[in-house]
Amino acid sequence: MAQDQSPQSAHGRHTPRTALERLAGGPDRAARITHTEHLPARVGRHANWPEGVHVEVVAAIEAAGIRRPWQHQAVAVGHALRGESVVVATGTASGKSLAYLAPVLSALLPPEGSPARPAGRGSTALYLAPTKALAADQRRAVRALAAPLGTAVQAAVYDGDTPFEEREWVRQYANYVLTNPDMLHRGILPGHARWGSFLRGLRYVVVDECHSYRGVFGSHVAQVLRRLRRVCARYGADPVFLLASATVADPAQAASRLTGLPVAEVTEDASPRGELAFALWEPPLTELSGEHGAPVRRTATAECAELLTDLVTQGVRTVSFVRSRRAAELVALIAQERLAEAGAGLSGRVAAYRGGYLAEERRALERDLHSGRLLGLAATSALELGVDVSGLDAVLLAGYPGTRASLWQQAGRAGRAGQGALAVLVGRDDPLDTYLVHHPEAIFERPVESTVLDPDNPYVLAPHLCAAAAELPLTEDDLALFGPEAATLVPQLERRGLLRRRAAGWFWTRRERAADLTDIRGEGGTPVQVVEASTGRLLGTVDASAAHTSVHEGAVHLHQGRTYLVRELDLEESVALVERADPSYSTMARDTTEVRVLSTDTEEPWGEARIHFGSVEVTHQVVSYLRRRLITGEVLGESKLDLPPRTLRTRAVWWTVTDGQLDAARIHPEELPGALHAAEHASIGLLPLFATCDRWDIGGVSVPLHTDTGLPTVFVYDGHPGGAGFAERAFRTARAWLTATREAIASCECDFGCPSCVQSPKCGNGNDPLDKAAAVRLLDCLLAAGEPEGPADESGDATGEPGDAAG
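Residues numbered from 1 in each chain as written. Predicted model: local features only at pLDDT ≥ 70, side-chain atom pairs only at ≥ 80, totals over all residues. Heavy atoms only, no water.

## Thoughts on the overall build of the protein
- Summing up its helical and strand segments, the protein has 24 helices and 29 strands in all.
- Relative to its length of 807 residues, the protein is compact, with a C-alpha radius of gyration of 27 Å against a globular reference of 28 Å.
- C-alpha atoms of the protein, sized along the principal axes, occupy 85 × 70 × 60 Å.
- Taking the intrachain contacts of the protein between residues at least 6 apart in sequence as the baseline, contacts between residues at least 24 apart amount to 74%.
- Accessible surface, the protein: about 30,600 Å² in total, of which carbon and sulfur atoms supply 49%.
- Separation between the mean location of the 81 positive side-chain charges and that of the 100 negative ones in the protein comes to 7 Å. (Helix = DSSP H or I, 4+ residues; strand = E, 2+ residues; numbered from the N terminus. Rg over C-alpha atoms; globule rule 2.2 N^0.38 Å. Contact = heavy atoms within 4.5 Å. Areas by Shrake-Rupley, 256 points an atom, 1.4 Å probe, with all protein chains shown as cover. Lys, Arg positive; Asp, Glu negative; His and termini not counted. Charge placed at Lys NZ, Arg CZ, Asp CG, Glu CD.)

Set out below in structure tokens:
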């Protein structure tokens, strides 16, 4: 579809080019754009519906204004109708929903020519979404599409927000149930006897936005799906899995690893696309000095708040995606204040959207977004995953979202009706973002990354074996379904008294619910409730794993645009008491970390150096927090904290160097700690370019002489019990990963090291010592040591499937 190139399109919206020109027209703005990529409009390719799509479904689709499917939709529907599991991995707004709804709705209707529905419940389908918002959005979509079908399709959401009085109706009468993996894990599978008629007729399982199931969360979901398949078999059902994904590498392989089944893939996108103008934007340096005199860039949060203000003022409907709940609140708050100062009456048309809100707050924001009452929204990734926000003109990304799949998902939120769109990636002051805004080929030319998950992680697998045994006695024949480690783990669980073997198999022995042994989000522990001390009002919750760093005593907590100070954190009661305040700063926790090597799975020589992958024990403790001035990020002070240490057994990649290599790199003993420390920080910052992780999913330690290796050592480890596959991916792409790390450090314009290259926002040592120049020499020496045979080639492609070594 050709895009109108006049200043405004036919429907009155600004074209992407015009909107970008206006953004760049402010003082010193043009210099902040490091690259602009113009993706041209694309014409769609149609096909015919495959034989087997119900005639009434075709009529309903045509009534919705869709005469013929896109070619990729027809191919996917054909797989589904033949009983083949399939993943559709095409671009945002390419019609993936219709690719699975056509076969699902056809299955829910009486057969063509049948005068009435057969006796009994008939066929059913299950839809899984990673977020409640996406499930609610999909219910609206399926009800609208299925309206001409009368009462044949009974679609209902079943999640934690579903009132208890409605749940029994859903169990007995709904034939299309929309839920999330958490509810499947904790509610449906443990109570499968009450879902017997639904499971008996289960024809299709839809797994939407399946690329989001990565790391520990993805590993848990993989085991939940295996439990679902096992319970379905008990009722005589063998459902076909229909998966929808953003564009990722090897979608069939990733979907097969997630479901445990062979999965076909459909990747050629035949849908039309409007013009997309995609700008890379680097905030300017400020006159402030950071730690140790390092130059400081304006924060991406402040820059996005300013850009959001400008776009809303122009009437450009915009979503600004941010990396944290706090940033969502800050961007919305700053934009509201600036719009109020401008006096345009627009401040009430900007809001924040993030996880942790109460259900009624989320629903109200979603309604306002759909109705158009909101012109600007600052959102976390809770809004990224497929929620229909059609009608948006622009997307701002406050920092790289961690993966290219997420980046294109977020950028694709605008222009969903086929019109042109503007996307702006605003770089944060860190190594990865700085690298990307100056290396556009890493975004626009490099292949998308693989989805990393490890279902065989024993910390993941063990509680699911217990849950499976509580659902139905676990037999020898079942173990193959759960992977090669199951046969080893079950006897261990039996020795621990969690399982008991009888003639029919292994049984769960405890009174408590086995499904409560684990939190599939990988967070663990009871969520900490954030309570307003003066009123007792519950404001929201914080994950237990994040409580030490986000709601410690003295922390600034934001909720719905209001600022609170944490007065007390009670870890035993899982409660943080807060009080209203208006501080001029934000807070950031810092911790110290030690690593002990438990075992080495594999290692490869790099000349005299060696790179290793294996298991480690990490002990870390939050020791203080910084107070940073809002907008500028200037450090105002540091306060000590007294919190207990926490221990983590996980997986790590680590590399060592010898004295001979240090001599060759001209690194003197007094320079070594700073060189290792700087290389560690930068390598952590660059790893998300090669593994589907976030900087905050991984950690690192550098030691001039480590007790276990006897050599200078740099560790990078997964921040989840048992590992998440990220460190293994680092091992397999080590040469490409460390080459990018070296380039990011060397190309930074600072003299001695700054947040854009070697300083880390979560360093427990206050970013001291750091030696930028010595780090470059160290990495030059390491990378020149010869091409390793094992971990990876120069392209960064893995030589084995993620999870192999971890198994």
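## Focus: empty space enclosed by the protein
- As enumerated under the stated definition, the model contains six cavities of 30 Å³ or more in all.
- Approximately 70 Å³ is the volume found for the largest cavity.
- Considering the residues around the largest cavity, the lining is formed by Val87, Cys210, His211, Tyr213, Ser245, Val248, Pro251, Ala254, Ala255, Leu258, Thr451 and Leu453.
- In terms of residues, the lining of the largest cavity owes the most to one element, helix H10 (residues 251–259), which gives four residues.
- For the lining of the largest cavity, the per-class residue count stands at nine nonpolar, three polar and no charged. (1 Å grid on protein atoms, 1.4 Å probe; cavity = no way out; pocket = protein on both sides within 12 Å on 5 of 7 lines; lining within 4 Å. Points joined across faces, edges and corners; volume = space filled by probe spheres on them. Nonpolar A, V, L, I, M, F, W, Y, C, P; charged D, E, K, R; others polar.)

## Comments concerning the sheet that holds strand S23 (residues 575–580)
- Strand order across the open sheet formed by five strands is S20-S19-S23-S22-S21, with mixed pairing between neighbours. Bordering the open sheet on either side are strand S20 (538–542) and strand S21 (556–559), each of which pairs with just one other strand. Each neighbouring strand pair of the sheet contributes to a mean axis angle of 35°, computed without reference to strand direction.
- Bridge count for strand S19 (residues 528–532) against S23 is four bridges, and the pairing is parallel. Residue glutamine 529 lies in a different strand from S23, and its bridge partner there is valine 575.
- Lying on the sheet, helix H12 (residues 325–342) is in contact with S20 and S21; it crosses S21 at an angle near 65°. (Pairing = 2+ DSSP bridges. Axes fitted to C-alpha atoms, helices over the stretch in contact; angles between N-to-C directions.)

## As for the pattern of salt bridges
- Within the structure shown, the criterion is met by 33 salt bridges.
- The salt bridge partner of glutamate 532 is arginine 537, with a shortest N-O separation of 3.5 Å.
- Judged by its relative accessible area of 8%, glutamate 532 falls in the buried class.
- Taking the relative accessible area as the measure of exposure, arginine 537 reaches 41% and is therefore partly exposed.
- Of the charged contacts, one joins arginine 742 and aspartate 780 as a salt bridge, the two residues approaching to 2.7 Å between their closest N and O atoms. Of the two residues, arginine 742 is situated in helix H23 (residues 734–747) and aspartate 780 in helix H24 (residues 772–783); the sequence distance between them amounts to 38 residues.
- The exposure class of arginine 742 is partly exposed, given its relative accessible area of 26%. (Salt bridge = Lys/Arg side-chain N within 4 Å of Asp/Glu carboxyl O. Buried < 20%, exposed > 50% of the residue type's maximum accessible area, 1.4 Å probe, protein only.)

## Some details on helix H11 (residues 300–313)
- In this model, H11 (14 residues) spans 20 Å end to end at C-alpha, consistent with the 20 Å of a helix rising 1.5 Å per residue.
- Listed in full, the buried residues belonging to H11 are Ala300, Ala302, Glu303, Cys304, Ala305, Glu306, Leu307, Leu308, Thr309, Leu311 and Val312.
- Within two residues after H11, glycine 315 carries a phi angle of roughly 80°, on the positive side. (Expected span 1.5 Å × (residues − 1).)

## Quick notes on the sheet that holds strand S13 (residues 350–353)
- What the seven strands build is an open sheet, ordered S1-S9-S16-S15-S12-S14-S13; its pairing is mixed. Of all the strands in the sheet, the pair left with one neighbour each is strand S1 (33–39) and S13. Geometrically, the sheet is characterised by an average inter-axis angle of 15° between neighbouring strands, direction not taken into account.
- In terms of strand pairing, S1 meets strand S9 (residues 276–281) through six bridges, oriented antiparallel. Across the sheet, glutamate 37 pairs through a bridge with phenylalanine 278, a residue of S9.
- The sheet contacts of H11 involve S9, strand S12 (318–321), S13, strand S14 (376–379), strand S15 (394–398) and strand S16 (421–426), and relative to S15 the element is tilted by about 165°.

## Focus on the environment of aspartate 208
- Assignment of secondary structure puts aspartate 208 in the loop between strand S6 (202–207) and helix H9 (215–234).
- Residues aspartate 208 and alanine 514 lie 306 residues apart in sequence; the distance between their C-alpha atoms is 26 Å.
- Residues in contact with aspartate 208, not counting those within four places in the same chain, are Tyr100, Tyr127, Leu128, Pro130, Leu134, Gln138, Tyr213 and Ala244.
- Engagement of the side chain of aspartate 208 in a polar contact is seen with the side chain of tyrosine 100, the distance being 3.2 Å.
- Among the polar contacts listed, one links the side chain of aspartate 208 to the side chain of tyrosine 127, at a separation of 2.6 Å. (Polar contact = N/O pair within 3.5 Å; in protein donor to acceptor, adjacent residues only side chain to side chain.)

## A word on the pairing of strand S3 (residues 124–128)
- Here S3 lies mainly inside the structure; five of its five residues are buried.
- Where S3 meets S6, five bridges bridge the pair, whose relative direction is parallel. Opposite leucine 128, over in S6, you have valine 207 as the bridge partner.
- With four bridges connecting them, S3 and strand S5 (residues 176–179) associate as parallel partners. Looking at S5, one finds that leucine 126 is bridged to valine 177.

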